[in-house]
Amino acid sequence: MPELIDGPARTTKDIGPPGVPRRGRQLSLLGGALLVDSTEASLVGGLFPLIRQSLGISLGALGVLTAASKIVGVFTGPFWVWAAQRWSRKGVLVLATGLWGVWGVAAGFSQNFAQLLVLYTILAAGYAAAHPVITEIIGDLFDTSSRGRAVGLVYGAVALVSAVIGPLKGQLAGVDDGWRWGLWGIGAFNIALGCGIWLWFRDPAEALRSGSSPTWARRPARRTPPRSPGRRRWRCSGSAACSSCWCPGCCPATS
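All values derive from a computational prediction rather than experimental measurement. (Residues numbered from 1 in each chain as written. Predicted model: local features only at pLDDT ≥ 70, side-chain atom pairs only at ≥ 80, totals over all residues. Heavy atoms only, no water.)

**Concerning the side chain of D203**
Turning to step 1, where the next piece is worked out: Summarising the element assignment, D203 is placed in the loop between α9 (178–200) and α10 (204–210).
Turning to step 2, where the next piece is worked out: Within polar-contact distance, the side chain of D203 engages the side chain of R89 at 2.6 Å.
Turning to step 3, where the next piece is worked out: Residues contacting D203, with those up to four places away along its chain left out, are R89 and K90. (Helix = DSSP H or I, 4+ residues; strand = E, 2+ residues; numbered from the N terminus. Polar contact = N/O pair within 3.5 Å; in protein donor to acceptor, adjacent residues only side chain to side chain. Contact = heavy atoms within 4.5 Å.)

Laid out in structure tokens, this is it:
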């Protein structure tokens, strides 16, 4: 039978999902959620001398607070991922890394270690949603070629801002009940961030499911124009089987 020999096949690069408009704003909101998570973890450790003096607790209480926040994240992290897949990733971010800040405000009013432990653990349970959900969303916002760069940009910006905030948090050590002001501040910022995510963040997966996809999602795929038959090269064995050739005039066996 004749064998059709074409030139080198043109492969399409796997670019993954296309990007969305205003990705800078989307990254800023997602980076803010990650920033709150990292700031909360370092706030209690950095201001623990004030907490110890205010509540009259031992130095080992810091280990209890840290362990409780880590352990609860092991269980609540998968739950938030399940909730995001079951309902809405945007809703989970608004609730868990945004409005969840009310527990931080409440922790600032703690009068003893038991209250602080319970409220701080609940606060950490919500912050456990940040990393897995945000990483998945970034994968939908950017294509394969730019996804790694976007992740590096977000985490680099979070580390840079955390380095700037560090000395500012240290200034709370000179304020009476400075640790309370720190928890109140991070809780208020959390609530404001949740409102910002609710107003301005747009999950690309939800937009596609609802049918109100943005312009980039409605663009037709780029098509490569077909090559003319004259550019095809035929290799024929000259057998009778060549009669099934779609172009018999070019085959010596059928001419």
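**Some words on unusual backbone geometry**
Turning to step 1, where the next piece is worked out: One non-glycine residue, D177, adopts positive backbone phi at about 55°.
Turning to step 2, where the next piece is worked out: Position of D177 relative to the elements: it lies in the loop between α8 (144–170) and α9.

**Here we look at the packing of aromatic side chains**
Turning to step 1, where the next piece is worked out: This structure, assessed with the given rule, holds seven aromatic pairs.
Turning to step 2, where the next piece is worked out: Geometrically, the ring pair formed by W80 and W100 is edge-to-face, given 5.7 Å between the ring centres and 90° between the ring planes. Placement of W80 in helix α3 (residues 61–86) and of W100 in the loop between α4 (89–96) and α5 (102–107) is noted, with a sequence separation of 20 residues between them. Neither residue differs from the other here; W80 and W100 are each classed as buried.
Turning to step 3, where the next piece is worked out: Ring geometry for W181 and W184: centres 5.1 Å apart, planes at 80°, overall edge-to-face. Placement of both W181 and W184 in helix α9 is noted, with a separation of three residues, approximately one turn of the helix.
Turning to step 4, where the next piece is worked out: What makes W184 partly exposed here is its relative accessible area of 21%. (Phe/Tyr/Trp six-rings, centres within 6.5 Å; stacked < 30°, edge-to-face > 60°. Buried < 20%, exposed > 50% of the residue type's maximum accessible area, 1.4 Å probe, protein only.)

**Some words on the packing of α4 against α9**
When two helices pack together, their arrangement is given by the angle between the helix axes and by the axis-to-axis distance.
Turning to step 1, where the next piece is worked out: Contact geometry for α4 and α9: axes closest at 8 Å, N-to-C directions at 160°. One way to sum up the angle between α4 and α9 is to call them roughly antiparallel. Relative to α9, the crossing made by α4 is left-handed. For the pair formed by α4 and α9, the contact residues are K90, L93 and V94 on the first element and G194, I197 and W198 on the second.
Turning to step 2, where the next piece is worked out: Along the lines of polarity and charge, the residues of the contact of α4 with α9 split into four nonpolar, one polar and one charged. (Axes fitted to C-alpha atoms, helices over the stretch in contact; angles between N-to-C directions. Parallel < 35°, antiparallel > 145°, perpendicular 65-115°, else oblique. Left-handed = near helix turned anticlockwise from the far one by under 90°. Nonpolar A, V, L, I, M, F, W, Y, C, P; charged D, E, K, R; others polar.)

That is the geometry; function is a separate question.
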